[in-house]
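What the coordinates show
Listed below are the residues making up each chain.
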Amino acid sequence: MIRIKTEDQIRLMAESGKVVGAILHDLADVIRPGVTTMDIDRFVTERIRAEGMVPTFKGYGGFPANVCVSVDEELVHGIPSEDRVLAEGSIVSVDIGATHKGWVSDAARTYFVGDVDEEKRRLVAVCRESFFVCLAHCRVGSRLTDIGHAVQGCVEAAGFSVVLDYVGHGVGSKMHESPQVKNYGEAGKGPKLMRGMALAIEPMINAGTADVHTLDDGWTVVTDDGKPAAHYENTVIITDGDPLVITLDERDR
Ligand code: MG
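It should be emphasised that the depicted structure is a prediction, and the values quoted were computed from it without experimental measurement.

**Quick look at the layout of surface pockets**
Taken as a whole, the largest pocket spans an internal volume of roughly 310 Å³. When the residues that make up the lining of the largest pocket are grouped by side-chain class, the tally is 10 nonpolar, 4 polar and 4 charged.

**A short note on the sheet that holds strand 10 (residues 204-206)**
Here 3 strands make up an open sheet; going across it, the order is 6-10-13 and the pairing antiparallel. Because the sheet does not close on itself, it has two edges, and the strands there are strand 6 (161-162) and strand 13 (229-231). Here strand 10 pairs with strand 13 via 3 bridges, running antiparallel. Bridging across to strand 13, Asn 206 finds its partner in Ala 229. Relative to strand 13, helix 3 (residues 118-135) is tilted by about 35°, and along the sheet it contacts strand 10 and strand 13.

**Digging into the coordination of the magnesium ion**
Protein coordination at the magnesium ion: the donors are Asp 95 (OD), Asp 95 (OD), Asp 106 (OD) and Glu 233 (OE), at 2.1 to 2.7 Å from the metal. On the primary sequence, the residues serving as donors to the magnesium ion are separated as D-x10-D-x126-E. With a gap of 11 residues between them, Asp 95 in strand 4 (residues 91-100) and Asp 106 in strand 5 (residues 103-112) connect regions that are remote in the sequence. Side by side, Asp 95 and Asp 106 carry an identical accessibility label, which is buried.

**Here's the deal with the packing of helix 1 (residues 7-30) against helix 2 (residues 37-50)**
The description of two packed helices rests on the angle between their axes and on the distance between the axes. Viewed as axis vectors pointing N to C, helix 1 and helix 2 meet at an angle of 145°, and their least axial separation amounts to 11 Å. The hand of the helix 1/helix 2 crossing is right-handed. Residues Ala 22, Ile 23, Asp 26, Leu 27 and Val 30 of helix 1 form the contact with helix 2, whose participating residues are Ile 40, Phe 43, Val 44, Arg 47 and Ile 48. Its residues assigned to classes, the contact of helix 1 with helix 2 comprises 8 nonpolar, no polar and 2 charged.

**Examining the sheet that holds strand 3 (residues 74-76)**
Strand order in the open sheet formed by 3 strands is 3-12-11, and the pairing between neighbours is antiparallel. Single-partner strands in this sheet number two, and they are strand 3 and strand 11 (212-214). Strand-to-strand, the axes of this sheet are offset by a mean angle of 40°, without reference to chain direction. For strand 11 and strand 12 (residues 221-223), the ladder comprises 3 bridges, and the chain directions are antiparallel. Looking across to strand 12, one finds that Thr 214 is bridged to Val 221.

**A look at the pairing of strand 4**
Burial analysis of strand 4 places 10 of its 10 residues in the buried class, which makes it a mostly covered element. Alternating residues of strand 4 divide into Ile 91, Ser 93, Asp 95, Gly 97 and Thr 99 and Val 92, Val 94, Ile 96, Ala 98 and His 100, and every residue in both groups is buried. Examined bridge by bridge, strand 1 (residues 54-55) and strand 4 share 2 bridges and lie antiparallel to one another. Paired with Pro 55 across the two strands is Ala 98, which belongs to strand 4. Here strand 2 (residues 68-71) runs beside strand 4; their pairing, made up of 4 bridges, is antiparallel. If you follow Val 71 over to strand 4, its bridge partner there is Val 92. One ladder, built from 10 bridges, connects strand 4 with strand 5; its direction is antiparallel.

**Topic: the pattern of salt bridges**
This structure, assessed with the given rule, holds 16 salt bridges. Here Arg 47 and Asp 26 are joined by a salt bridge, their closest N and O atoms 2.9 Å apart. A residue pair is termed long-range when its members are at least 10 positions apart, and Arg 47 in helix 2 and Asp 26 in helix 1 qualify at 21 residues. A residue is classified by how much of its surface remains accessible, and Asp 26, at 19% relative accessible area, is buried. Taking the shortest distance from any N to any O, the salt bridge between Glu 82 and Arg 42 comes out at 2.8 Å.

Rules and cut-offs
Residues numbered from 1 in each chain as written. Predicted model: local features only at pLDDT ≥ 70, side-chain atom pairs only at ≥ 80, totals over all residues. Heavy atoms only, no water. 1 Å grid on protein atoms, 1.4 Å probe; cavity = no way out; pocket = protein on both sides within 12 Å on 5 of 7 lines; lining within 4 Å. Points joined across faces, edges and corners; volume = space filled by probe spheres on them. Nonpolar A, V, L, I, M, F, W, Y, C, P; charged D, E, K, R; others polar. Pairing = 2+ DSSP bridges. Helix = DSSP H or I, 4+ residues; strand = E, 2+ residues; numbered from the N terminus. Contact = heavy atoms within 4.5 Å. Axes fitted to C-alpha atoms, helices over the stretch in contact; angles between N-to-C directions. Donors = N, O, S within 2.8 Å, 3.2 Å for Na, K, Ca; no water. Buried < 20%, exposed > 50% of the residue type's maximum accessible area, 1.4 Å probe, protein only. Left-handed = near helix turned anticlockwise from the far one by under 90°. Salt bridge = Lys/Arg side-chain N within 4 Å of Asp/Glu carboxyl O.

The quantities given are spatial measurements derived from coordinates; they are silent on function.
Encoded structure:
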């Protein structure tokens, strides 16, 4: 069952999404060579707490940190560390959630660390683009799988691969709610989108093979071929008109 959010619930989610979007915007100025992945965790956590909100990921399923920070061939769920120093030429994905009066928003971006090669630049750009392509389908009357179909078309046309093992999700009073939002598949299937649905839509794409595995730390998901991966996510509310992208800062539109 897909839970439909009330206006009040959407307002609380949007308040949290505004904070998340601003933090993700400001992170672009924080991330540079020499910064550790734990520095990113601290920056994000302080900003979330300063707003009286709670970092959603800490302890979620046992996750040991506040934020997921994934470098280069790491796709998602990287664990921040004081020992992990970002180097020139890397890309780094940061996934954050903030809980506000019980309501969650969830979003991610991939950043450049200093000067980055052309393939990585294109990978990150295509990942973001695939989100905006699928956003055109986030409307009343579309079917759920129209979203993933659009993501896959965009990513594969660019010569990259969509990860099959991880998917987006409904979001609300819990971080992960029904339905799963795949980044692939046939169009025109699944439930019709309705006003008040809240979806965390998150293309996860790889430069090489779609195949990924989890490291011995039990969390960090990496590409099988060691080629880079990118992640772009926003929490999206379906309305009677244009979708509300509640985690997208105005400066990033
Ligand atoms: Mg997320």
